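Per-entry structural report
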Amino acid sequence: MRLLAGITLSIFSFGLAAQDNVPSVDEFIEQQVQQHNLDREQLNKWLSKAKVNNEVLEAIQRPWEAKPWYQYYPIFLTEKRLKAGLKFWEEHEATLEKAEQEYGVPAQIIVAIIGVETFYGNYMGKYSILDSLYTLGFHYPPRAKFFRSELSEFFQLASEEDWDINSAKGSYAGAMGYGQFISSSYRHYAVDFDGDGERNLLTNPVDAIGSVANYFAKHNWQAGQPIAQPLNHSENWSKVLSDGMKPNTTRKALKKQGFDLPNNETVTPDTKVRVFEFETENAAEYWLGYNNFYVITRYNHSPLYAMAVYQFSEQLKNARR
């Protein structure tokens, strides 16, 4: 799952003060030995080969999610991706049905996620995971603590799965495999969905399908519940906008304020929702996001991402009818 940079500062303007709390590599190794019982000699060997990658530092400062909606969605909502998604769905129909039955996550959402993340395994990242996490963990102060944690998770994952750590490739932020799981997500949510005794998200689409579904289920996906609905352009929705992604009001509360909401037979007046604004070339469009929309943002912390996944999933579903 791709990560947002969060802060887009020049890598040349951090200042020494911002790095005061960054431990040395030796201190980091000692932490891993003490906290996770990792082998000191192995850690030294791995980190001796880690290199700073300036491309990673540049890439994290220009996330796609910084674009306005009208520039963002055309990246993902393409005829080429739709055709590839339908082919993937056809090839893995039985696995997707199994995942939907076990986890309650619709097949079109799983197919959409894998399509948006890696174009069905065609673009899984060119960066060394080791170099990416080392670079961001020790040389990118705005998110250094998080990425050192992911580096620790990566080392634990490599030890558990007996990986060749130097050959692992992924995104600039250290995400890997069909669904672009970061190391902590891989350790906690990856499943062996084909029963071969291995959780392989790097080359096994069956495990990837099950793992994406498990990720959503563990983040409280609500089977049979809506994701989002478009709102009437004539209403003044800007009055109820606020920062954040989690549902922060109810349908009943919005109606009490005089807003006209679209009907949905699967929800109640007390169903929690949030209003989102998406920038178009000439104005804005507004959508009502439900809990399941919020769950998609747990995969990538961006309403733009969640909306692209949702709209792509609808294209996939409708194309199969």
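Each chain has its residues counted from 1, following the order in which its sequence is written. Local features are withheld for residues below a pLDDT of 70 in this predicted model, meaning they are given only at 70 or higher, and side-chain atom pairs are given and counted only at 80 or more; totals for whole chains, interfaces and linings count all residues. Based on all heavy atoms of the structure, the side-chain values leave hydrogens and waters out of the count.

Attention now goes to the sheet that holds strand E5 (residues 272–279). Read from one edge of the open sheet, four strands run E3-E6-E5-E4, paired in antiparallel fashion. Two strands bound the open sheet, and with one partner strand each, they are strand E3 (228–230) and strand E4 (249–250). By this definition, two strands are paired if DSSP reports at least two bridges between them. The secondary structure listing takes helices from DSSP runs of H or I that are at least 4 residues long and strands from runs of E that are at least 2 residues long, numbered from the N terminus. The sheet contact formed by E4 and E5 spans two bridges and is antiparallel. Across the sheet, Thr-250 pairs through a bridge with Lys-272, a residue of E5.

Okay, the environment of Leu-43 next. Considering the arrangement of structural elements, one finds Leu-43 in helix H2 (residues 40–48). Excluding its chain neighbours within four sequence positions, the residues that come into contact with Leu-43 are Ile-29, Gln-32, Val-33, Leu-38 and Phe-155. Residues count as neighbours in contact if any of their non-hydrogen atoms are within 4.5 Å of one another.

The next thing to look at is the pairing of strand E6 (residues 284–289). Across a regular strand the side chains alternate sides, sitting on one face of the sheet and then on the other. A simple rule labels every residue: compare its accessible area, found with a 1.4 Å probe on the protein chains alone, to the largest value its type can have, and call it buried under 20%, exposed over 50%, or partly exposed in between. Most of E6 is tucked away: five of the six residues are buried. Two elements, E3 and E6, share three bridges in a ladder whose sense is antiparallel. Residue pairing across strands places Gln-229 opposite Leu-288, the latter belonging to E6. Alignment of E5 against E6, held across six bridges, turns out to be antiparallel. Bridging from a neighbouring strand, Phe-276 pairs with Trp-287 of E6. The turn joining E5 and E6, which pair antiparallel and follow one another in sequence, is formed by four residues.

This part takes up the packing of helix H4 (residues 69–76) against helix H14 (residues 303–319). It is at 10 Å that the axes of H4 and H14 come closest, and there the two elements cross at 45 degrees. By the angle between their axes, H4 is oblique relative to H14. Crossing geometry of H4 relative to H14 is assigned as right-handed. For the pair H4 and H14, contact is made by Trp-69, Tyr-72 and Phe-76 and by Leu-304, Tyr-305, Met-307, Ala-308 and Gln-311, respectively. What counts as an axis is a line fitted to C-alpha atoms, over the stretch in contact for a helix, and the angles between N-to-C directions run from 0 to 180 degrees. Relative orientations are named as follows: roughly parallel for angles under 35 degrees, roughly antiparallel for angles over 145 degrees, roughly perpendicular for angles from 65 to 115 degrees, and oblique for any other angle. Handedness of a crossing is defined here by the sense of rotation of the near helix relative to the far one, left-handed for an anticlockwise turn of less than a right angle and right-handed for a clockwise turn.

It is worth spelling out the packing of helix H5 (residues 79–91) against helix H7 (residues 107–118) at this point. The geometry of H5 relative to H7 is characterised by a closest axis approach of 10 Å and an angle of 125 degrees between their N-to-C directions. By the angle between their axes, H5 is oblique relative to H7. Crossing angle aside, the handedness with which H5 passes H7 is right-handed. Touching Arg-81, Gly-85, Phe-88 and Trp-89 of H5 are Ala-107, Gln-108, Val-111, Ile-114, Gly-115 and Val-116, all from H7. Residues of the contact of H5 with H7, tallied by class, amount to six nonpolar, three polar and one charged. In this count, Pro and Cys sit with the nonpolar residues alongside Ala, Val, Leu, Ile, Met, Phe, Trp and Tyr, while Asp, Glu, Lys and Arg are called charged and the others, Gly among them, polar.

Moving on to the packing of aromatic side chains. For Phe, Tyr and Trp, where Trp contributes only its six-membered ring, two rings pair if their centres lie within 6.5 Å, and the inter-plane angle classes them as stacked under 30 degrees, edge-to-face over 60, or tilted in between. Summed over the entire model, instances satisfying the criterion amount to 28 aromatic pairs. Relative to Tyr-72, the ring of Trp-69 lies with its centre 6.3 Å away and its plane at 35 degrees, an arrangement referred to as tilted. A residue pair is termed a helical-turn pair when its members lie 3 or 4 positions apart in one helix, as Trp-69 and Tyr-72 do in helix H4 at three residues. With respect to burial, Trp-69 and Tyr-72 carry one shared label: buried. Taken together, a centroid distance of 5.4 Å and an interplanar angle of 40 degrees make the contact between Tyr-134 and Phe-138 tilted. One end of the pair, Tyr-134, and the other, Phe-138, are both in helix H8 (residues 129–139), four residues apart, so they sit about a helical turn from each other. Residue Tyr-134 shares its accessibility class with Phe-138, and that shared class is buried. An aromatic cluster is defined as three or more aromatic residues linked by ring pairs; in this entry it consists of Phe-28, Trp-46, Tyr-134, Phe-138, Phe-154, Phe-155, Trp-163 and Tyr-186. Taking NZ or CZ as reference, Lys-80 lies 5.7 Å from the ring centre of Phe-119, over its face. A cation sits over an aromatic face here: Arg-143 above Phe-146, 4.9 Å from the ring centre. Whether a charge sits over a ring comes down to the Lys NZ or Arg CZ being within 6 Å of the ring centre and within 35 degrees of the ring normal.

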